[in-house]
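Secondary and tertiary structure notes
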Amino acid sequence: MAATLPNPSAQFQFDRTRLAAPQVFEHMRDQIISMALPPGTVLSRPELALQYGISQTPVRDALMRLAEEGLVDVFPQHATRVSRIDVALARQAHFLRRSVEVEIVRTLAGAPDPGLVERLRATVARQQRMLELDDLAEFTANDQYFHRQLYEAAAVPDLFGLVRRQSGHLDRLRRLHLPIPGKANAVLRDHTAIVDAIATGDVVAAETALRDHLTGTLANVEEIRSRFRDYLR
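Since this is a predicted model, take the numbers as computed values, not measurements.

Procedures and definitions
- Residues numbered from 1 in each chain as written.
- Predicted model: local features only at pLDDT ≥ 70, side-chain atom pairs only at ≥ 80, totals over all residues.
- Heavy atoms only, no water.
- Helix = DSSP H or I, 4+ residues; strand = E, 2+ residues; numbered from the N terminus.
- Rg over C-alpha atoms; globule rule 2.2 N^0.38 Å.
- Buried < 20%, exposed > 50% of the residue type's maximum accessible area, 1.4 Å probe, protein only.
- Contact = heavy atoms within 4.5 Å.
- Areas by Shrake-Rupley, 256 points an atom, 1.4 Å probe, with all protein chains shown as cover.
- Lys, Arg positive; Asp, Glu negative; His and termini not counted.
- Charge placed at Lys NZ, Arg CZ, Asp CG, Glu CD.
- Axes fitted to C-alpha atoms, helices over the stretch in contact; angles between N-to-C directions.
- Parallel < 35°, antiparallel > 145°, perpendicular 65-115°, else oblique.
- Nonpolar A, V, L, I, M, F, W, Y, C, P; charged D, E, K, R; others polar.
- Salt bridge = Lys/Arg side-chain N within 4 Å of Asp/Glu carboxyl O.
- Domains from an automatic or database assignment.
- Buried area = accessible area lost by both parts, 1.4 Å probe.
- Pairing = 2+ DSSP bridges.

**What about the overall build of the chain?**
What the chain contains, in helices and strands, is 11 helices and two strands. Helices (α) and strands (β) of the chain occur, in sequence order from the N terminus, as α-α-α-β-β-α-α-α-α-α-α-α-α. Taking 233 residues into account, the globule formula puts the C-alpha radius of gyration at 17 Å, and the chain, at 19 Å, falls close to it. Expressed along its principal axes, the backbone C-alpha trace of the chain runs to roughly 55 × 45 × 35 Å. When burial is assessed residue by residue, the chain has 46% of its 233 residues classed as buried. Look at the contacts in the chain between residues 6 or more apart in sequence, and 75% of them connect residues 24 or more apart. Surface summary for the chain: the accessible area is close to 11800 Å², and the carbon and sulfur share equals 52%. Between the mean site of the 29 positive side-chain charges and the mean site of the 29 negative ones, the chain shows a separation of 4 Å.

**Points about the packing of helix H1 (residues 20-33) against helix H8 (residues 168-177)**
Put simply, H1 and H8 touch, their axes get as near as 9 Å, and they point 45° apart. On the basis of their axis angle, the class for H1 and H8 is oblique. For the pair formed by H1 and H8, the contact residues are Arg29, Ile32 and Ile33 on the first element and Gly168, Asp171, Arg172 and Arg175 on the second. For the contact of H1 with H8, the per-class residue count stands at two nonpolar, one polar and four charged.

**What to know about the pattern of salt bridges**
Inspection of every chain in the model, using the stated rule, returns 13 salt bridges. Linked by salt bridges that have partners in common, Asp73, Asp86 and Arg233 make up one network.

**A short note on the domain arrangement of the chain**
Domain annotation of the chain identifies domain 1 (20-82) and domain 2 (87-228). Taking only C-alpha atoms, the centre of domain 1 and the centre of domain 2 are 27 Å apart. Each partner contributes to the interface: domain 1 provides 11 residues, whereas domain 2 provides eight residues. Carbon and sulfur atoms supply 54% of the area that domain 1 and domain 2 bury against each other, a total of about 830 Å² over both sides. Contact with domain 2 buries surface across domain 1, with Arg29, Ile33 and Met35 losing the most and accounting together for 51% of the total. Here domain 1 is connected to domain 2 by one salt bridge.

**Focus on the pairing of strand E2 (residues 79-82)**
Of the pairings in the sheet, the one linking strand E1 (residues 72-75) to E2 comprises four bridges and is antiparallel in character. Residue pairing in the sheet places valine 72 in a bridge with valine 82 of E2.

What follows is the structure, encoded as structure tokens:
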């Protein structure tokens, strides 16, 4: 039986220059993607409002946005729960992300930028340090930043947000995969291969490295399912 939410607002501070609803949405989304709020967790609107110290209206709006991304299931007059991971939706998100990012790395490798290569290598180095510290949360944050840098360098930064909004189920699957032995090191190897290909202007190698990088989690979905059967649908 799922437990109720412990305290989502712990260590959370509102930016008083912004509306509350988007901030609650972003914070809860991060908690869901990181698996701090695992599938099946009950989300009580009154309890959330109390814990965040706000009215129920922005909480309702945040939950509606989470529902639109398929990250929560809303049962009117009954309950709202964090949804189970939908593997079919994860596969669709993977198709979208692969299609976009293949073109991005092809573009970047076609016109190598030494400054970009230096910045990407610095991000990979930070990931390496986070792995050594066993800080998977920061490792994941730098993973996201690595890919954001690619989108920005290719002058399509808005597509990062578009792909991210479609990738909630895929990102949760990846978060479950990350602690499995060998996965984090594979991410580092893949990122290094992508950067090396961009640095040398090898378009084919950049595309191949990107494809290899993005196939790892879905190729191991049955192993993930065997470990977290209650989390997947």
